[in-house]
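Examination of the molecular architecture
Chain residues, written in single-letter form:
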Amino acid sequence: MKMYKAGAWCDSPDKMEVRSPYSGGVIDSVPRASLADLEEAISSARDAAGEMCRLPAYERSRILRTGAEMLEASAERFAQTLASEVGKTIREARGEVSRSVETLRLSSEEAKRIHGETVPFDAGPVAVNKVGFYMRVPVGLVAAISPFNFPLNLVLHKVGPAIAAGNSVILKPASATPLVALMLTELLLEAGLPPTAINALTGPGGEIGDALVADPRIDMVTFTGSLEVGRRIAARRGLGKLTMELGSNSACIVMQGADLDRAVPKIVRGGYALAGQVCISVQRVYVLDAIYDQFLERLIPQVRSLKVGDPLDETVDMGPMVTEEAAVRALDWIAEAVDAGATAVVGGGRARALLEPTVLTDVSPEAKVSCEEAFAPILVVNRVHTLDEAIAGVNDSKYGLQAGIFTNDIGQAFDAARRIETGGVMMRVVCFDLG
Ligand code: NAP
């Protein structure tokens, strides 16, 4: 496919191959953008920022609504490409497309609700008889840098709101999965987006990404990706506007009294969806001693029964990791944990980029598979004796994205939510069964 720059689709003799994570075969190629391409995109998008800020709210809303309708109409085409380039199962890919339609719809609705407020200046004696108000204005030119795992919906989490608020955009999709981002760019242009309001540049993050985030003509950077790259961007960006969504080694707690019939399938889904490559994938599980054996007895057969294979096969539950190198890295981490005394009670093997769904027990908290982001189909199950011990385990992390608790005690769930140091805590509380 071509990339989109300064109002035109363009190619380059310098290409990057896009490979199927499942077969390893080349499915397409994209241009490798140069710094000269980036310069053209920035200069054009700066001019477009002036045009976008004059585009009325109803028009921005209409473009996004039309985009949602068009995406819905071509959902299967997008889902097939997603499954091929990411390796997520076709069912997961369809789920991402339908969420993306919602993201576009929500962005379209929000385009009409961006307004300021009046401020009661006379709250202080020095400003009696004065009225204050503020208006929201576009930031200007937004650089959007997205990760490989949700290359449609997470691109839209950035591009949708940026357009809704009247900004121009330079999008840099992940190099492993750039195809749906380019398809989306085409769709938004067909939906009526002004031709220079968006640029989609394909190229290595370490080259064009580095230059993009540090350029003073970029008014805002929105980045979703790893902690490591996030740190680098923050250092290069300095005081410039920047929002980031980074990674995690998310944990959940299973309390005595939790409904295991519901908790175990949820944990299996949380651990192995998209081969564990979701920012809030369940990675560490803290199970109360009294139900630890019972929990494992239920977990193990459910993990073993997951069908792993071709993501385009409708019956497959889990596809490959994004690359063979990623699977090799995850296998090394499993080996490191096992060498230090852990047991792989399920899995621990690999064929190409397909890592077996793996369950590890007796893992040292210092093992990478516990303290780093595994981003792989691996669950680390820990035995704990009290809620305090479980919370201490959850909080023993440099990450802080998400956690969860399964319990039958709502007070306990809120107590944990207050003490767990993550941005969000999912609570599954089953106090009684309505049958
Ligand atoms: P990544 O390696 O950090 O890459 C993310 C994006 O940053 C890619 O487009 C990458 O380009 C680009 N990039 C790399 N180096 C850069 C640099 N020096 N300057 C600017 N951009 C640069 O992450 P990933 O492997 O694609 O995605 C997985 C990570 O994303 C995980 O850590 C996951 O938890 C996180 N994530 C977080 C959320 C959330 O909402 N919190 C959601 C999804 C994923 P290239 O592909 O060309 O290297």
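Residues numbered from 1 in each chain as written. Predicted model: local features only at pLDDT ≥ 70, side-chain atom pairs only at ≥ 80, totals over all residues. Heavy atoms only, no water.

**Side note on the pairing of strand 11 (residues 241-245)**
Along a regular strand, successive side chains alternate from one face of the sheet to the other. With five bridges joining them, strand 10 (residues 220-224) and strand 11 adopt parallel strand pairing. Directly across from Phe223, in strand 11, lies its bridge partner Met244. Between the parallel pair strand 10 and strand 11, the chain is carried across by helix 8 (residues 227-237), and the sense of this crossover is right-handed. (Pairing = 2+ DSSP bridges. Helix = DSSP H or I, 4+ residues; strand = E, 2+ residues; numbered from the N terminus. Right-handed = clockwise from strand over helix to strand, strands pointing away.)

**Let's talk about the packing of helix 3 (residues 75-86) against helix 6 (residues 179-190)**
Interaxial distance between helix 3 and helix 6 falls to 9 Å at its minimum, and their mutual angle equals 155°. One way to sum up the angle between helix 3 and helix 6 is to call them roughly antiparallel. Taken together, the residues of helix 6 that come into contact with helix 3 (itself represented by Arg77, Phe78, Thr81, Leu82 and Glu85) are Leu179, Val180, Met183, Leu184 and Leu187. Here the residues of the contact of helix 3 with helix 6 are counted per class, giving seven nonpolar, one polar and two charged. (Axes fitted to C-alpha atoms, helices over the stretch in contact; angles between N-to-C directions. Parallel < 35°, antiparallel > 145°, perpendicular 65-115°, else oblique. Contact = heavy atoms within 4.5 Å. Nonpolar A, V, L, I, M, F, W, Y, C, P; charged D, E, K, R; others polar.)

**Some remarks on the domain arrangement of the chain**
On domain assignment, one finds that the chain holds domain 1 (3-245) and domain 2 (250-429). Measuring from the centre of the C-alpha atoms in domain 1 to the corresponding centre in domain 2 gives 31 Å. At the junction of the two partners, domain 1 supplies 18 residues and domain 2 supplies 25 residues. A buried area of about 1,800 Å², summed over both sides, lies between domain 1 and domain 2, and 60% of it is on carbon and sulfur atoms. (Domains from an automatic or database assignment. Buried area = accessible area lost by both parts, 1.4 Å probe.)

**Focus on the site of the ligand**
Residues in close proximity to the ligand total 30 residues, the closest being Ser146, Ser175, Ser226, Leu246 and Glu373. With respect to the ligand, the side chain of Glu373 contributes an N or O atom lying 2.6 Å from an oxygen atom. Summarising the interface, the protein chains cover 86% of the accessible area of the ligand, which totals 910 Å² for the free molecule. For the shell around the ligand, the elements supplying multiple residues, two or more each, are helix 7 (205-214), strand 10 and helix 8. Partitioning the shell around the ligand into residue classes produces 14 nonpolar, eleven polar and five charged. A domain-level breakdown of the shell around the ligand finds at least three residues from each of domain 1 (3-245) and domain 2 (250-429). (Near = heavy atom within 4 Å. Polar contact = N/O pair within 3.5 Å; in protein donor to acceptor, adjacent residues only side chain to side chain. Areas by Shrake-Rupley, 256 points an atom, 1.4 Å probe, with all protein chains shown as cover.)

**What to know about unusual backbone geometry**
In the Ramachandran plot, Arg352 falls in the positive-phi region, its phi being about 50° despite a non-glycine side chain. Structurally, the position occupied by Arg352 is in the loop between strand 15 (350-351) and strand 16 (354-355). In this model, Phe375 sits at a positive phi of 50°, which is unusual for a non-glycine residue. Judged by relative accessible area, which is 19%, Phe375 ranks as buried. (Buried < 20%, exposed > 50% of the residue type's maximum accessible area, 1.4 Å probe, protein only.)

**Looking at the nonpolar core**
Grouped together as the largest cluster of nonpolar side chains are 114 residues, with contacts concentrated most on Ile253, Val254, Phe295 and Leu299. Counting residues per element, this core draws most heavily on helix 6, at nine residues. Shared between two domains, this core holds at least three residues of each, these being domain 1 (3-245) and domain 2 (250-429). Excluding anything up to four places from it in sequence, Val254 contacts Leu260, Ile267, Val285, Tyr286, Val287, Leu288, Ile291, Phe295 and Phe406. Counting 19 residues, the second largest nonpolar core, distinct from the first, contains Leu141, Ile170, Leu201 and Phe223. (Core = buried A, V, L, I, M, F, W, Y, C linked by side-chain atoms within 4.5 Å.)

**Quick look at the pattern of salt bridges**
For the coordinates displayed, the defined rule picks out 29 salt bridges. Linking Lys15 and Asp11 is a salt bridge whose minimum nitrogen-to-oxygen distance equals 2.4 Å. Note on Lys15: relative accessible area 36%, which makes it partly exposed. Asp313 is the salt-bridge partner of Lys307, the closest N and O atoms lying 3.7 Å from each other. Note on Lys307: relative accessible area 38%, which makes it partly exposed. (Salt bridge = Lys/Arg side-chain N within 4 Å of Asp/Glu carboxyl O.)

**Here's the deal with the side chain of Asn153**
The topology assignment puts Asn153 in helix 5 (residues 153-164). Each residue touching Asn153, except ones within four places of it in the same chain, is listed here: Glu96, Arg99, Ser100 and Thr103.

**Overview of the sheet that holds strand 14 (residues 343-346)**
With mixed pairing, seven strands are arranged side by side in an open sheet as 14-17-18-13-12-19-20. The sheet is open, and its two borders are formed by strand 14 and strand 20 (424-429), each paired with just one other strand. In this sheet, adjacent strand axes meet at a mean angle of 25° when their direction is disregarded. Sitting on the sheet, helix 10 (residues 289-304) is in contact with strand 12 (251-254), strand 13 (284-288), strand 14, strand 17 (358-361) and strand 18 (378-384), with an inclination near 165° to strand 18.

**Details of helix 8**
Of the positions making up helix 8, those classed as buried are Leu227, Gly230, Ile233 and Arg237. Viewed end-on, helix 8 has its buried residues packed into an arc of 120°, placing them on one side of the element. In helix 8, the exposed positions that point more than 90 degrees away from the buried face belong to Glu228, Arg231 and Ala235. Here the buried face of helix 8 lies against strand 7 (141-145), helix 7, strand 10 and strand 11. Just past helix 8, the residue Gly238 takes up positive phi, approximately 65°. (Arc of directions from axis to C-beta.)

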